[in-house]
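Close look at the chain arrangement
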Amino acid sequence: VYLTADQVKKENDEMKGNFDGIGVQFRIVEDTIAVVRTVSGGPSEKVGILAGDRIVKIDGRQPKQITNDTVLHLLKGKRGSKVKLGIKRRGINHLIDFTVKRDVIKTNAVRYYGMLNQNTGYIKLEEFTATSHEEVANALRNLKKQGMNQLVFDLRDNGGGYLDQAIAIADEFIEKGDLIVYTNGRFRGRSDAYATSGG
């Protein structure tokens, strides 16, 4: 599969666990950009943008094509650069103008973790990004402090990602010396990954 330079950048941004942007999760509703939530501590939250707001104008213009890719292209940008947003908020008749300074937005691969009961922990892992193992290890430590001795590890709809992160996470659960996975390339030969004593 051939990926353009833009596609590679987009994929890498999503997988490295952070990107430069304004810190909103949005969806397209009836040809408008609806803010689903703002990233806690992110640029949009700091200026007062709220869940439920609708982005009508970006830098003084209404986007001609409203698709996920075009909106992402307009909202993402170099750290420190600014974007002006015209916001329609329920109960207010006029547009509210916000100027948002783009910054590093950290994305979490572990969407949620917590205790299901007194001894059962739960971790939902969305994908294997560059920070996934660190996030899972942190969740495991916190859950064990709360009395966890068994775990529901939810990998439903996980789209995959970095193999080294998947191996490191599997290593948390597999006995030392057991084969986790091997890769076998046409020109590179076989490479085995075994569990260590670290998990």
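Notes on the structure in this doc start here. (Residues numbered from 1 in each chain as written. Predicted model: local features only at pLDDT ≥ 70, side-chain atom pairs only at ≥ 80, totals over all residues. Heavy atoms only, no water.)

What about the packing of aromatic side chains?
We count it as follows: Each aromatic pair joins two rings of Phe, Tyr and Trp (for Trp, the six-membered one) with centres within 6.5 Å, and gets the label stacked for planes under 30 degrees apart, edge-to-face for over 60, and tilted for any other angle. For helices the rule is a DSSP run of H or I covering at least 4 residues; for strands it is a run of E covering at least 2, with both sets numbered from the N terminus onward. When a residue's accessible area, from a 1.4 Å probe over protein chains only, is under 20% of the maximum for its type it is buried; when over 50% it is exposed; and in between it is partly exposed.
One pass over the structure, following the stated rule, counts two aromatic pairs. When the centroid spacing of 5.9 Å and the interplanar angle of 45° are considered together, the rings of Tyr112 and Tyr122 count as tilted. A residue pair is termed long-range when its members are at least 10 positions apart, and Tyr112 in strand E8 (residues 110–115) and Tyr122 in strand E9 (residues 120–125) qualify at 10 residues. Using a relative accessible area of 47% as the deciding quantity, one classes Tyr112 as partly exposed. For Tyr122, a relative accessible area of 14% corresponds to the buried category.

Concerning the nonpolar core
To be explicit about the condition: Throughout this description, the term nonpolar core refers to a set of buried Ala, Val, Leu, Ile, Met, Phe, Trp, Tyr and Cys residues connected via side-chain atoms within 4.5 Å. Whether two residues are in contact is decided by their heavy atoms: any pair within 4.5 Å suffices.
The biggest cluster of nonpolar side chains holds 16 residues, and the ones touching the most others in it are Ile22, Ile55, Ile58, Leu75, Leu85 and Val100. At the level of secondary structure, the elements contributing two or more residues to this core comprise strand E2 (24–29), strand E3 (32–38), strand E4 (54–58), helix H3 (68–75), strand E5 (82–88) and strand E6 (96–101). Apart from the residues lying within four places of it in its own chain, the contact partners of Leu85 are Ile22, Ile49, Ile55, Lys57, Ile58, Leu75, Ile96, Asp97, Phe98 and Val100.

A short note on helix H4 (residues 132–145)
So the rule is basically this: Each residue after the first adds 1.5 Å to the expected span of a helix.
Relative to the 20 Å expected for 14 residues at 1.5 Å per residue, H4 spans 20 Å between its end C-alpha atoms, a close match to the ideal helical length. Along H4, the residues classified as buried are Ser132, Glu135, Val136, Ala137, Ala139, Leu140 and Leu143. One or two positions beyond H4, positive phi appears at Gly147, with a value near 100°.

Some points on the pattern of salt bridges
How we decide: A carboxyl oxygen of Asp or Glu within 4 Å of a side-chain nitrogen of Lys or Arg is what we treat as a salt bridge.
In total, this model carries six salt bridges according to the counting rule given. Among the salt bridges present, the one from Arg111 reaches Glu126, with a minimum N-O distance of 4.0 Å. With a gap of 15 residues between them, Arg111 in strand E8 and Glu126 in the loop between E9 and H4 connect regions that are remote in the sequence. Judged by relative accessible area, which is 48%, Arg111 ranks as partly exposed. Between Asp192 and Arg190 there is a salt bridge, with its nearest N and O atoms 2.6 Å apart. Take Asp192: its relative accessible area is 33%, and that puts it in the partly exposed class. A network of salt bridges, in which partner residues are shared, links Lys124, Asp154 and Arg156.

Quick notes on the packing of H4 against helix H5 (residues 163–171)
In a packed pair of helices, the relevant descriptors are the angle between the two axes and the axis-to-axis distance. Convention followed: Axes, fitted as lines to C-alpha atoms, cover a helix only where it is in contact. Angles between the N-to-C directions of the axes lie from 0 to 180 degrees. Any angle that falls under 35 degrees is termed roughly parallel, while one over 145 is termed roughly antiparallel, one within 65 to 115 roughly perpendicular, and all others oblique. Helix crossings get a hand from a simple test, with the near helix turned counterclockwise from the far one by less than a right angle marking a left-handed crossing and a clockwise turn marking a right-handed one.
The contact between H4 and H5 brings their axes to 8 Å, and the two run at 20°. Regarding the angle of H4 to H5, the classification is roughly parallel. For the pair H4 and H5, the crossing hand works out as right-handed. Facing H4, whose interface residues are Ser132, His133 and Val136, H5 presents Gln165, Ala168 and Ile169.

A few points about a nonpolar patch on the surface
Here is the rule we go by: For patches, a residue must show more than 30% relative accessible area and have no salt bridge; joins then use 9 Å for like charges and 5 Å for nonpolar side chains, namely Val, Leu, Ile, Met, Phe, Trp and Tyr. Residue-level accessible areas treat just the shown protein chains as cover; the underlying method is Shrake-Rupley with a 1.4 Å probe.
On the surface, Val1, Leu3 and Val8 cluster together into a nonpolar patch covering about 320 Å² of accessible area. Tracing the chain through its elements places Val1 in the segment before helix H1 (5–15).

Points about the pairing of E9
So the rule is basically this: Being paired, for any two strands, means DSSP has found at least two bridges between them.
Across the six residues of E9, six count as buried, placing the element largely inside the fold. Pairing between E8 and E9: five bridges, direction antiparallel. Its bridge partner being in E9, Gly114 is matched across the sheet by Tyr122. Hairpin connection between E8 and E9: a loop of four residues separates the two successive antiparallel strands. Here five bridges tie E9 to strand E10 (residues 150–154), and the two strands are oriented parallel to one another. Bridge pairing in E10 places Tyr122 opposite Val152.

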